[in-house]
Amino acid sequence: MPLTPPLPLLYGDHVSQLLVDCHGVMLSAATAQAFSAMQQAALAQGINIMPCSGYRSFERQLHIWNGKAAGTRPLLDANECPVDALSLSDDQLVETILLWSALPGASRHHWGTDVDVFDAQGISRADLQLVPSEYQAGGPCDALTHWLEQHAARFGFFLPYQAGQSGVSAEPWHLSYAPQAVAMLAHFNHDELYQRLKQSDLKLKAALLPRLEQIIATYVHHIAAPPQNLTIP
Ligand SMILES: [Zn+2]
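Residues numbered from 1 in each chain as written. Predicted model: local features only at pLDDT ≥ 70, side-chain atom pairs only at ≥ 80, totals over all residues. Heavy atoms only, no water.

**Section: the overall build of the protein**
Stage number 1. A count of helices and strands for the protein gives 8 helices and 6 strands.
Stage number 2. Reading the protein from its N end, one meets helices and strands in the order β-β-α-β-α-α-β-α-β-β-α-α-α-α.
Stage number 3. Relative to the globule expectation of 17 Å for 233 residues, the C-alpha radius of gyration of the protein, 17 Å, shows essentially globular dimensions.
Stage number 4. Expressed as lengths along the three principal axes of its C-alpha atoms, the size of the protein is roughly 50 × 40 × 30 Å.
Stage number 5. Looking at the 233 residues of the protein, the share that counts as buried comes to 49%.
Stage number 6. When contacts within the protein are restricted to residue pairs at least 6 apart in sequence, those whose partners lie at least 24 apart make up 69%.
Stage number 7. Summed over all atoms, the accessible surface of the protein reaches about 10,900 Å², with 52% contributed by carbon and sulfur.
Stage number 8. Positive and negative side-chain charges of the protein, numbering 12 and 21 respectively, have mean locations separated by a distance of 6 Å. (Helix = DSSP H or I, 4+ residues; strand = E, 2+ residues; numbered from the N terminus. Rg over C-alpha atoms; globule rule 2.2 N^0.38 Å. Buried < 20%, exposed > 50% of the residue type's maximum accessible area, 1.4 Å probe, protein only. Contact = heavy atoms within 4.5 Å. Areas by Shrake-Rupley, 256 points an atom, 1.4 Å probe, with all protein chains shown as cover. Lys, Arg positive; Asp, Glu negative; His and termini not counted. Charge placed at Lys NZ, Arg CZ, Asp CG, Glu CD.)

**What about the pairing of strand β6 (residues 174-177)?**
Stage number 1. Covered by surrounding structure in β6 are H174 and S176 together with L175 and Y177, the residues of both alternating faces.
Stage number 2. Bridging between strand β4 (residues 114-119) and β6 involves 3 bridges; their strand directions are antiparallel. Across the sheet, the residue bridging to D116 is H174, located in β6.
Stage number 3. The sheet contact formed by strand β5 (residues 157-158) and β6 spans 2 bridges and is antiparallel. (Pairing = 2+ DSSP bridges.)

**Some thoughts on the packing of helix α6 (residues 190-199) against helix α8 (residues 212-221)**
Stage number 1. For the pair α6 and α8, the least separation of the axes is 11 Å and the interaxial angle reads 120°. With respect to α8, the element α6 is oriented oblique. Of the two possible hands of crossing, α6 and α8 adopt the one that is right-handed. Contacts from H190, L193, Y194 and L197 of α6 reach α8 at L212, E213 and I216. (Axes fitted to C-alpha atoms, helices over the stretch in contact; angles between N-to-C directions. Parallel < 35°, antiparallel > 145°, perpendicular 65-115°, else oblique. Left-handed = near helix turned anticlockwise from the far one by under 90°.)

**Here's the deal with the coordination of the zinc ion**
Stage number 1. Of the protein atoms, only H109 (NE2), D116 (OD) and H174 (ND1) coordinate the zinc ion, at distances of 2.0 to 2.1 Å.
Stage number 2. In primary sequence terms, the donor set of the zinc ion follows H-x6-D-x57-H. Of this pair, H109 sits in the loop between α3 (90-100) and β4 while H174 sits in strand β6, and the two are 65 residues apart along the sequence. There is no split in this pair, since H109 and H174 are both buried. (Donors = N, O, S within 2.8 Å, 3.2 Å for Na, K, Ca; no water.)

**A closer look at unusual backbone geometry**
Stage number 1. Of note in the backbone geometry, E80 takes a positive phi value of approximately 65° without being a glycine.
Stage number 2. Within the secondary structure, E80 is located in the loop between α2 (58-70) and α3.
Stage number 3. The phi dihedral of L204 falls on the positive side, at around 70°, and the residue is not glycine.
Stage number 4. With respect to the helices, strands and loops of the structure, L204 is situated in the loop between α6 and α7 (205-208).
Stage number 5. Using a relative accessible area of 13% as the deciding quantity, one classes L204 as buried.

**Details of the nonpolar core**
Stage number 1. W65, L103, F188, L193, L197 and L208 are the most contacted members of the largest nonpolar core, which totals 42 residues.
Stage number 2. Sort the elements by how many residues they give to this core and α8 lands first, with 5 residues.
Stage number 3. Ignoring sequence-local partners within four residues, the contact set of L103 consists of Q61, W65, L98, L193, L197, L202, L208, L212 and I215.
Stage number 4. Counting 29 residues, the second largest nonpolar core, distinct from the first, contains C52, F118, L128 and W147. (Core = buried A, V, L, I, M, F, W, Y, C linked by side-chain atoms within 4.5 Å.)

**Quick notes on the packing of α2 against α3**
The description of two helices packed together rests on the angle between their axes and the distance between the axes.
Stage number 1. Running from amino to carboxyl end, α2 crosses α3 at an angle of 135°, the nearest separation of the two axes being 10 Å. One finds that α2 runs oblique with respect to α3. Between α2 and α3 the crossing geometry is right-handed. Where α2 abuts α3, its residues W65, K68 and A69 lie against L93, V94, I97, L98 and W100.
Stage number 2. Taken together, the residues of the contact of α2 with α3 sort by class into 7 nonpolar, no polar and 1 charged. (Nonpolar A, V, L, I, M, F, W, Y, C, P; charged D, E, K, R; others polar.)

**Quick word on the environment of S200**
Stage number 1. As for its placement among the helices and strands, S200 is situated in the loop between α6 and α7.
Stage number 2. We classify S200 as buried; its relative accessible area is 12%.
Stage number 3. Every residue in contact with S200, bar those within four places of it in the chain, is listed here: F58, L62 and K205.
Stage number 4. From its side chain, S200 meets the backbone oxygen of L197 in a polar contact 2.8 Å long. (Polar contact = N/O pair within 3.5 Å; in protein donor to acceptor, adjacent residues only side chain to side chain.)

Here it is, written out as structure tokens:
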């Protein structure tokens, strides 16, 4: 399986020949293959790792962003309490949306190398809310969390969003396939994203574009590093 990073996906263009179906989500072929190997190994220990989100397009992320900016999609503050988008200044609105949603063009889910997972042995997809408590002691995905800590690196996966180590708050469900994702991040370019956003129909552009450099530093580059023992399969 070629480990060449799927660079045409970097800002969320839909390049279908670089994506394959993996249990209903789309991933790069190399990521899907490594995921399947990891899934097999976990299954032998009673954990059923299933994906619930993989590749997401720029257009999809734009739709989410604009819905939150317009107040037509639920907007939550840092304590997960609903906020009225219309009560916030544009700067406050940008900050609030970024707490829970990536800026279009700046999501690792654009790359096909990143996947959100849950333990289908512990909870159904329909019941899953994708909140940290589900992945902590007593939660339905607790065993998965421990298994991933011990074994994910053997299959090339790491957790980029960890408490105190990333600009994005902890997401114990978000796995990234390092053999491709590290190169994707290295190719990420501020000017390219700036131009794409400028030409898009993104809401809050005027508040956002002057701060783009800081937003990229915090939400794209500031991640937990892959562990030293990570294996490139
Ligand atoms: Zn994710």
